Amino acid sequence: MKSVDRHLADILATVRPLAPLEIDLERAHGTVLAEDVASPVALPPFDNSAMDGYAVCAGDLADVPAVLPVIEDVAAGDSELRAMGPGMATRIMTGAPVPAGADAVVPVEWTDGGTARVTVHRAVSAGNAIRRSGEDVRAGDIVLREGSVIGPAQLGILAGVGRRRVLVRPRPRVVVMSTGAELAQPGTPLGRGQIWESNSFMLAAAVQEAGGEVFRAGAVTDDPKRFLESLEAQLVRADAVITSGGVSMGAYEPVKEALAPLGKVVFEKVAMQPGMPQGFGVVGDDEVPIFTLPGNPVSAFVSFMLFVEPALRKMRGLPEGPPVTVRATTTAYLRSPAGRRSYLRAVLTQDIPGSTVAPVVGQGSHQLAALASANALVVVPEDVTELPEGAEVDVIPL
């Protein structure tokens, strides 16, 4: 059988980062920056007040309480050039430009709130409550580097330096399809021999969490011709395709029957449990990557975490490699078949001084409820068949 590492390496050698695209800020969330972004101006662009209060000369407050005349008000957005001298005060709002001649702001809470004259009860030092020009960013500074994932804070700084559009690698568009004549849509009555289809919902959510844009095509029957027709119709909107089911060694395997003759999708046994039957290749004129995953829900999910999620990271322009692992101590005895790398569903508890991991009850590849209670996968290497309680193991956090 093919090793897990070799299968992932073949996948990563095939997929490519998506081409950069310039888009509006409203569409940039979740994408990956494809350029360095510099600020054209200093931030803040001018000295401004950090709070509502009074702009003053700090030297006038050596003895408090002190009474000062209020010469004018300055609001946020004020564009006039304003100045004041010693022995004066200017009422000022948060974000308003500090008048020339003032070197501190007294919070309104330290005063009587006067409008013509103000009584100040506490002294301040020079610079108090003033945001200096360039304190955050100097003109020309790089505020975001290529390869940054654009989240809310990153969107904020892009807008803050005046960018309306930005060059990014877009979120991969991923079509998710399930196969099986036994599948019924959730919310519909079950016929004899049927089960409710869950894989496409699970995998679609996994794509979204991995930073992709998902199109859930739902389930198709066990007819290879109909599967191929449905697949071809979906390729127009796909950067990648994920199927589940129809890849094992038995009869009625529509994905394998439809794609194997095309010669661009390889179906193999990978030395892992769950998820041994795997397929990967490219389809269509644009050679869209396709991941043909097993139909058992746990097998499909584990396969996604091991193979699809790393591929989507590369497509997004992020560093490539296998899933990140942490070390933890197992709270139970573990068993694994010889020659296969096992991924046991478990609950990881990360504490100080050390983390522990407890396998969940129900390790079958069909036991979706057990998977839903897990937050980690314990990795048991191919050459290990038993691990005692208290052994240190690699764990993939979910």
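As a starting point, this report considers the structure included with it. (Residues numbered from 1 in each chain as written. Predicted model: local features only at pLDDT ≥ 70, side-chain atom pairs only at ≥ 80, totals over all residues. Heavy atoms only, no water.)

### Some thoughts on the overall build of the chain
At step 1: Summing up its helical and strand segments, the chain has seven helices and 28 strands in all.
At step 2: Computed over the C-alpha atoms, the radius of gyration of the chain is 30 Å, more than 25% above the 21 Å expected from 2.2 N^0.38 for a compact globule of 398 residues.
At step 3: Along the first, second and third principal axes, the C-alpha set of the chain runs to 95 × 50 × 45 Å.
At step 4: Here the chain, with 398 residues, has 46% of them falling under the buried criterion.
At step 5: Partitioning the contacts of the chain with sequence separation of at least 6, the portion at a separation of at least 24 is 71%.
At step 6: Element-wise, carbon and sulfur atoms account for 52% of the exposed surface of the chain, whose accessible area totals about 18900 Å².
At step 7: Of note, the chain has its 34 positive side-chain charges centred 5 Å away from the centre of its 46 negative side-chain charges. (Helix = DSSP H or I, 4+ residues; strand = E, 2+ residues; numbered from the N terminus. Rg over C-alpha atoms; globule rule 2.2 N^0.38 Å. Buried < 20%, exposed > 50% of the residue type's maximum accessible area, 1.4 Å probe, protein only. Contact = heavy atoms within 4.5 Å. Areas by Shrake-Rupley, 256 points an atom, 1.4 Å probe, with all protein chains shown as cover. Lys, Arg positive; Asp, Glu negative; His and termini not counted. Charge placed at Lys NZ, Arg CZ, Asp CG, Glu CD.)

### A closer look at helix 3 (residues 199-209)
At step 1: Among all positions in helix 3, only Asn199, Ser200, Met202, Leu203, Ala204, Ala206 and Val207 are buried.
At step 2: Against the buried residues of helix 3 lie strand 13 (173-179), strand 16 (213-220), strand 17 (240-244), strand 21 (288-293), helix 6 (297-315) and helix 7 (368-372).
At step 3: Positive phi appears at Gly211, one or two residues downstream of helix 3, with a value of about 90°.

### Examining the sheet that holds strand 1 (residues 21-24)
At step 1: Strands sit in the order 1-12-2 across an open sheet of three strands; the sheet is antiparallel. Of all strands in the sheet, those with a lone pairing partner are strand 1 and strand 2 (32-33), marking the two edges. (Pairing = 2+ DSSP bridges.)

### Topic: unusual backbone geometry
At step 1: Looking along the chain, the bond that leaves Leu43 and enters Pro44 is cis, with omega of -10°.
At step 2: Residue position: Pro44 is located in the loop between strand 3 (37-38) and strand 4 (48-49).
At step 3: Between Gln273 and Pro274 the backbone carries a cis peptide bond, its omega angle lying at 0°.
At step 4: Positive phi, close to 60°, is recorded for Ala129, a residue that is not glycine.
At step 5: Summarising the element assignment, Ala129 is placed in the loop between strand 9 (117-120) and strand 10 (130-131).
At step 6: Look at Glu287: it is not a glycine, yet its phi comes out positive at around 50°.
At step 7: Looking at the secondary structure, you find Glu287 in the loop between strand 20 (277-283) and strand 21.

### Overview of the packing of helix 1 (residues 4-14) against helix 6
At step 1: Where helix 1 meets helix 6, the axes come as close as 10 Å, and the angle between the chain directions of the two elements is 30°. Judged by the inter-axis angle, helix 1 sits roughly parallel to helix 6. Two packed elements cross with a definite hand, and for helix 1 against helix 6 that hand is right-handed. Here Val4, His7, Leu8, Ile11 and Leu12 of helix 1 lie close against helix 6, whose contacting residues are Leu306, Phe307, Pro310, Ala311 and Lys314. (Axes fitted to C-alpha atoms, helices over the stretch in contact; angles between N-to-C directions. Parallel < 35°, antiparallel > 145°, perpendicular 65-115°, else oblique. Left-handed = near helix turned anticlockwise from the far one by under 90°.)

### A word on the nonpolar core
At step 1: Judged by nonpolar contacts, the single largest core of 37 residues is most densely connected at Ile242, Met272, Phe291, Phe304, Phe307 and Tyr343.
At step 2: Broken down by secondary-structure element, the contributors of at least two residues to this core are helix 1, strand 13, helix 3, strand 17, strand 21, helix 6 and strand 26 (376-380).
At step 3: Top contributing element to this core by residue count: helix 6, with 12 residues.
At step 4: Grouped together as the second largest cluster of nonpolar side chains are 17 residues, Ala238, Val241, Ala258 and Leu259 included. (Core = buried A, V, L, I, M, F, W, Y, C linked by side-chain atoms within 4.5 Å.)

### Some thoughts on the packing of aromatic side chains
At step 1: If you walk through the whole model with that rule in mind, you get one aromatic pair.
At step 2: A centroid spacing of 5.1 Å and a plane angle of 45° characterise the contact between Phe280 and Phe291, whose relative ring orientation is tilted. You can see Phe280 sitting in strand 20 and its partner Phe291 sitting in strand 21, a full 11 residues away along the chain. The same class applies to Phe280 and to Phe291, which are both buried.
At step 3: Here the guanidinium or amino end of Arg216 rests over the ring plane of Phe201, the centre of that ring lying 3.9 Å away. (Phe/Tyr/Trp six-rings, centres within 6.5 Å; stacked < 30°, edge-to-face > 60°. Lys NZ or Arg CZ within 6 Å of the ring centre and 35° of its normal.)

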